[in-house]
Number of protein chains: 4
Amino acid sequence: MPLRFTIAELQNFLVDVFPQVIDDFVIEVLDDDMTRVRMKISDKHLRPGGTVSGPSMFTLADCAMYMAVLARIGPQALAVTTNCSIDFMRKPVANTDIIAECRIHKLGRVLAVGDALIYSDGLAVPVARASLTYSIPPVAG
Amino acid sequence: MPLRFTIAELQNFLVDVFPQVIDDFVIEVLDDDMTRVRMKISDKHLRPGGTVSGPSMFTLADCAMYMAVLARIGPQALAVTTNCSIDFMRKPVANTDIIAECRIHKLGRVLAVGDALIYSDGLAVPVARASLTYSIPPVAG
Amino acid sequence: MPLRFTIAELQNFLVDVFPQVIDDFVIEVLDDDMTRVRMKISDKHLRPGGTVSGPSMFTLADCAMYMAVLARIGPQALAVTTNCSIDFMRKPVANTDIIAECRIHKLGRVLAVGDALIYSDGLAVPVARASLTYSIPPVAG
Amino acid sequence: MPLRFTIAELQNFLVDVFPQVIDDFVIEVLDDDMTRVRMKISDKHLRPGGTVSGPSMFTLADCAMYMAVLARIGPQALAVTTNCSIDFMRKPVANTDIIAECRIHKLGRVLAVGDALIYSDGLAVPVARASLTYSIPPVAG
């Protein structure tokens, strides 16, 4: 499925959709196989001791996969997350950015499904994994 | 399993563990069957149009179930979320508090498992459901 | 949402849809709040030692929730399972029937979502819990 | 983590653990990165029309990942599935073997977590994806 956005176009588009959070994200890779998104970690993402919080990892997984889907279905459609199953596997590195690598397994007429691996920047093994499903509403004629 | 905290004791204890978010939560019910926790919605929880964000619902499910587990295992143990599967089923009511009702199905030596239903305040049907698993580390002797 | 089948009608209808497995199931309760389905355990469901297998518990959760959905959408629609998240919490009682209690949280135009608790017959605490999503295809005109 | 079994050793070992189902499986690849397992489809795995059933896909995901974990922890430990989240994405090819490709993301002291993609033999895109968690009991001294 062809990509309908460049990284710059997608990042700009999302300023309108996610104004509260888009400044936290940098889209690093957007190609046919994989979408990689960095979340710039600041105090609001941390628990005592500098640990990146679970909700921050969830937010990254959700937003990064949303970007991967949106890049394929284009700006007129508004995908909605319907399910996320996330496993927290290791303690993230303190005070360190986290990075999601997303792959889409299905992009259907009604549902899109993909997987994300979440890494602490510089760590070779993932700190979390997530699978997500998006409902794609019919486009008004 | 007996409760080791009153609502007031648990709310105070969490000020130290979740200083960044505890002010958003009010524990409304804490009994053998059910734990009910309110999330006070403010601008940081909203998407354009006043919709409560998915990560906000995840945060409530995670924190409310953590409170339900902690109330039973006591302050010395530090439970860690290992899995959450969450379904987003309806659009939450705009600019309105959300409420989690949690039930624990298993509280084992190593793992705790429970379900949460998330409601918009005043709405009879849930906007989301989640199941969560916590790993309970061995207590140091 | 009104029920479109009695227990007897639903059990008969499923003989055509699930001929390979329907003889294993008995629908015990079918009402607005809850659907309860028994799985009659035989050798094919067991692991060494008489333990009911994980796939048998999955099969019960999936079929019981399918019955709960079908009872509401009627015979003309063919729902398809799109997601199941299942937690295995306790070892089932050996050589003993298992029972699912299902509740539907959402029955939308496109997706249905519900929860199932799985019990060993006679045991008060659940051995597994599952949440399931079904896609409901549009009915041909 | 080094592999403690060859394919032949693992297949033999499983005859004792899963006598009811092991004849359905062929381990095709077992290496550091990936475990690939084929499920030989017969009538018991099918729904009307020759469709491979959801419980059959679940069974393959569960058994294949179990094999991948067992190959690493060795024969003395008895891993138990604690969670599976599975997405059914496409209709499998009728009357055709299905194949799981499993990758382990974490193999800890207490929990193992991995992902499986399920394919119809000969189809390039997956028909299902699953993530699974196993609890690894302490080995008796």
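This write-up is about the structure you can find in this document. (Residues numbered from 1 in each chain as written. Chains lettered and ligands numbered in written order. Predicted model: local features only at pLDDT ≥ 70, side-chain atom pairs only at ≥ 80, totals over all residues.)

**With respect to helix α2 (residues 54–73) of chain B**
Residues and elements named next belong to chain B. Let me state the cut-off plainly: Working definition: helices are DSSP H or I runs of at least four residues, strands are E runs of at least two. Numbering for both runs from the N terminus. One less than the residue count of a helix, multiplied by 1.5 Å, gives the span that helix is expected to have. Three exposure classes are used. Buried residues have 20 or more other C-beta atoms within 10 Å of their own C-beta, exposed residues have 12 or fewer, and partly exposed residues fall in between, all C-beta atoms being placed from the backbone.
Between its terminal C-alpha atoms α2 stretches 29 Å, which fits the 28 Å expected from 20 residues at 1.5 Å a residue. The element α2 is extensively covered by neighbouring structure, given that 18 of its 20 residues are classed as buried. Looking at the residues trailing α2, positive phi occurs at G74, about 85°.

**A few points about the interface of chain A and chain B**
As a reminder of what qualifies: C-beta atoms are first placed from the backbone for all residues, and any pair lying within 7 Å is then listed as a contact. For this classification, the nonpolar set comprises Ala, Val, Leu, Ile, Met, Phe, Trp, Tyr, Cys and Pro, the charged set comprises Asp, Glu, Lys and Arg, and every other residue, Gly included, is treated as polar. DSSP-based pairing: two strands are paired if at least 2 bridges between them are found.
The interface is formed by 17 residues belonging to chain A together with 17 residues belonging to chain B. At the level of elements, α2 (54–73) and β3 (80–88) of chain A are the ones that each hand at least two residues to the side of chain A that touches chain B. The element contributing the most residues to the side of chain A that touches chain B is β3 of chain A, with 8 residues. Taken together, the residues of the side of chain A that touches chain B break down into 7 nonpolar, 7 polar and 3 charged. Where β3 of chain A lies against strand β5 (residues 80–88) of chain B, 5 bridges are found, and the strand directions are antiparallel. Across the sheet, the residue bridging to I86 of chain A is C84 of chain B, located in β5 of chain B.

**Concerning the environment of V52 of chain A**
Residue and element names in this part refer to chain A. Tracing the chain through its elements places V52 in the loop between β2 (35–39) and α2. C-alpha of V52 to C-alpha of G108: the two residues are 56 residues apart in sequence and 33 Å apart in space. Filtering out sequence-adjacent residues up to four positions away, V52 remains in contact with I41, H45, L46, M57, P92 and I98.

**Observations concerning the relation of the copies chain A and chain B**
Where we set the bar: All copies are superposed by least squares; the fitting set is the C-alpha atoms of residues with a pLDDT of at least 70 in both.
Expressed as a screw operation, the relation of chain A to chain B combines 0.0 Å of axial shift with a rotation of 180°, fitting to an RMSD of 0.0 Å. Those values place the two copies in the arrangement expected of a two-fold rotation axis. Proximity to the rotation axis, assessed at the C-alpha, singles out S85 of chain A in chain A; its C-alpha lies 2.0 Å from the axis.

**Section: the relation of the copies chain C and chain A**
Mapping chain C onto chain A calls for a rotation angle of 180° and an axial translation of 0.0 Å; the resulting RMSD is 0.0 Å. Both copies present the same face, since 100% of the interface residues in chain C are matched by interface residues at the equivalent positions in chain A.

**Observations regarding the pairing of β2 of chain A**
All names here are of chain A. Alternating positions in β2 separate cleanly, T35, V37 and M39 being buried on one face and R36 and R38 remaining unburied on the opposite face. The sheet contact formed by strand β1 (residues 25–30) and β2 spans 5 bridges and is antiparallel. By the bridge assignment, I27 is partnered in β2 with V37. Joining the antiparallel neighbours β1 and β2 is a turn of 4 residues. Summarising the sheet, β2 and strand β4 (residues 98–107) pair through 5 bridges and their orientation is antiparallel. Within the sheet, the bridge partner assigned to R36 lies in β4 and is E101.

**Observations regarding unusual backbone geometry**
Residues and elements named next belong to chain B. Positive phi is not limited to glycine here, since N95 has a value of about 55°. Residue placement: N95 occurs in the loop between β5 and β6 (98–107). Look at N95 and you get partly exposed, because 14 C-beta atoms sit within 10 Å.

**Side note on the nonpolar core**
Our working definition: Nonpolar core, as used here: buried Ala, Val, Leu, Ile, Met, Phe, Trp, Tyr and Cys residues forming one set through C-beta atoms within 7 Å.
In this structure, A61 of chain A, A61 of chain B, A61 of chain C together with A61 of chain D are the most contacted members of the largest nonpolar core, which totals 164 residues. Those residues within four positions of A61 of chain B in sequence are excluded, and the remaining contacts are C84, I86, A100, A116, I118, A130 and L132 of chain B.

**Section: the interface of chain C and chain A**
If you look at the interface, chain C gives 7 residues, while chain A gives 7 residues. When residues of the side of chain C that touches chain A are traced back to their parent elements, those giving at least two are β3 (80–88) and β6 (128–135) of chain C. Looking at the side of chain C that touches chain A, the element that brings in the most residues is β3 of chain C, giving 3 residues. Split by residue class, the side of chain C that touches chain A holds 2 nonpolar, 5 polar and no charged.

**As for the sheet that holds strand β6 (residues 128–135) of chain D**
Under the convention used in this document: Here the axes come from fitting lines to C-alpha atoms, over the contacting stretch only for helices, and the angles between their N-to-C directions go from 0 to 180 degrees.
Strand order in the open sheet formed by 12 strands is β1(C)-β2(C)-β4(C)-β5(C)-β6(C)-β3(C)-β3(D)-β6(D)-β5(D)-β4(D)-β2(D)-β1(D), and the pairing between neighbours is antiparallel. A strand with exactly one partner marks an edge of an open sheet, and here the two such strands are β1 (25–30) of chain C together with β1 (25–30) of chain D. Strand-to-strand twist in this sheet, taken as the mean axis angle between neighbours without regard to direction, amounts to 20°. Looking at chain direction, strand β4 (residues 98–107) of chain D and strand β5 (residues 111–120) of chain D are connected through 9 bridges and run antiparallel.

**Some remarks on the packing of α2 of chain A against α2 of chain B**
Quick reminder of the rule: The handedness criterion is simple: a crossing whose near helix is rotated anticlockwise from the far helix by less than a right angle is left-handed, and one whose near helix is rotated clockwise is right-handed.
As a packed pair, α2 of chain A and α2 of chain B sit with axes 9 Å apart at the nearest point and diverge in direction by 150°. Seen from above, α2 of chain A lies across α2 of chain B with right-handed handedness. Facing α2 of chain A, whose interface residues are G54, P55, F58, T59 and D62 of chain A, α2 of chain B presents G54, P55, F58, T59 and D62 of chain B. Grouping the amino acids of the contact of α2 of chain A with α2 of chain B by side-chain chemistry returns 4 nonpolar, 4 polar and 2 charged.

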